[in-house]
Amino acid sequence: MAKVLAILCSGRKKGYTATLLAEAVESAASDEVSVEIVHLHDYRFGPCTSCFNCIRDPEHRCTLDDDFGRKGQGVLFLKVREANGWILADPVYMWGPTAQCHLLIERCYPFVWSGELEGMP
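By convention here, each chain's residues receive numbers from 1 onward along its written sequence. Totals for whole chains, interfaces and linings use all residues, but because this is a predicted model, local features are given only for residues with pLDDT of at least 70 and pairs of side-chain atoms are given and counted only at 80 or more. The side-chain figures draw on all heavy atoms in the structure; neither hydrogens nor water molecules are used.

A.B. asks: Explain the sheet that holds strand E3 (residues 85-89) residue by residue, including any values.
C.D. replies: By this definition, two strands are paired if DSSP reports at least two bridges between them. Strands here mean DSSP runs of E at least two residues long; helices mean DSSP runs of H or I at least four residues long; both are numbered from the N terminus. The strand order E2-E1-E3 describes an open sheet built from three strands, whose pairing is parallel. The outermost strands of the open sheet, each flanked by one partner alone, are strand E2 (33-39) and E3. Each adjacent strand pair in this sheet contributes to an overall mean axis angle of 20 degrees, direction not counted. In what follows, a contact means two residues having at least one pair of non-hydrogen atoms within 4.5 Å. The axes used here are C-alpha line fits, helices contributing only the stretch in contact, and every angle between their N-to-C directions lies in the interval 0 to 180 degrees. Lying on the sheet, helix H1 (residues 16-28) is in contact with strand E1 (2-8), E2 and E3; it crosses E1 at an angle near 170 degrees.

This is the structure:
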């Protein structure tokens, strides 16, 4: 069964972006596809510190002690790694992505080296 991670980057769990994401989730879910909604504000993770442990480590895991690190055992890291696809819902503030959305993308740097997300929609 395919697993899709529906990621809400907005701080508003019941705002307009969350409503749009709910519609997308409803359309994507089926007998062959499970969808899990993730609200980024429920997780504790910060910016990449450019320590480059994810490059040096043979398993390419982040060493930071937060929900996206813990040497590949952070709860958010595991969710991202196990997904077959993402639905990214992010409001546009100041003509660009929100800080939480940017943090998520930035913290996916270990996957650049491991190739685990290669080809994922």
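A.B. asks: An account of unusual backbone geometry is requested, with residue identities and associated values reported.
C.D. replies: In the Ramachandran plot, His 60 falls in the positive-phi region, its phi being about 55 degrees despite a non-glycine side chain. Note that His 60 resides in the loop between helix H2 (53-56) and helix H3 (75-82). Throughout, exposure labels follow a simple rule: accessible area from a 1.4 Å probe, protein chains only, divided by the maximum for the residue type, with under 20% read as buried, over 50% as exposed, and the rest as partly exposed. Taking relative accessible area as the criterion, His 60 reaches 16% and is therefore assigned buried. For Met 94, which is not glycine, the phi torsion reads 55 degrees and is therefore positive. The topology assignment puts Met 94 in the loop between E3 and helix H4 (99-107).

A.B. asks: I'd love a proper account of the pattern of salt bridges, names of residues and values included.
C.D. replies: The rule for a salt bridge is simple: a side-chain nitrogen of Lys or Arg has to be within 4 Å of a carboxyl oxygen of Asp or Glu. Evaluation of the coordinates by the stated rule reveals nine salt bridges. Asp 66 serves as the salt-bridge partner of Arg 107, at 2.7 Å between the closest nitrogen and oxygen. Taken together, the positions of Arg 107 in helix H4 and Asp 66 in the loop between H2 and H3 put the pair 41 residues apart, joining distant regions of the chain. Residues Arg 107 and Asp 66 agree in their burial class; the two are buried. Linking Arg 70 and Asp 67 is a salt bridge whose minimum nitrogen-to-oxygen distance equals 3.2 Å. With a relative accessible area of 14%, Asp 67 lands in the buried category.

A.B. asks: Can you tell me about the packing of aromatic side chains, naming the residues and giving the values?
C.D. replies: Any two rings among Phe, Tyr and Trp, with Trp reduced to its six-membered ring, count as a pair given centres within 6.5 Å; such a pair is stacked if its planes are under 30 degrees apart, edge-to-face if over 60, and tilted if neither. The tally for this structure, following the rule as stated, stands at four aromatic pairs. Ring centres 6.2 Å apart and planes at 40 degrees place the aromatic pair Phe 45 and Phe 68 in the tilted group. Taken together, the residues span a long stretch of sequence, with Phe 45 in the loop between E2 and H2 and Phe 68 in the loop between H2 and H3 at a distance of 23 residues. Among the residues examined, Phe 45 registers a relative accessible area of 9% and is labelled buried. Overall, the relative accessible area of 0% leaves Phe 68 in the buried class. Summarising the aromatic geometry, the rings of Phe 77 and Phe 111 are spaced 4.8 Å apart at their centres and angled 20 degrees between planes, so their arrangement reads as stacked.

A.B. asks: Tell me what's going on with a nonpolar patch on the surface, and back it up with residues and numbers.
C.D. replies: Patch criteria: residues need more than 30% relative accessible area and no salt bridge. Like-charged residues are merged within 9 Å; nonpolar side chains of Val, Leu, Ile, Met, Phe, Trp and Tyr are merged within 5 Å. All accessible areas in this document rest on Shrake-Rupley with a 1.4 Å probe, and a residue is counted as covered only by the protein chains that are shown. On the surface, a cluster of nonpolar side chains totalling about 390 Å² of accessible area is made up of Phe 52, Tyr 109, Val 112 and Trp 113. On the basis of relative accessibility, which here comes to 40%, the residue Phe 52 falls in the partly exposed class.

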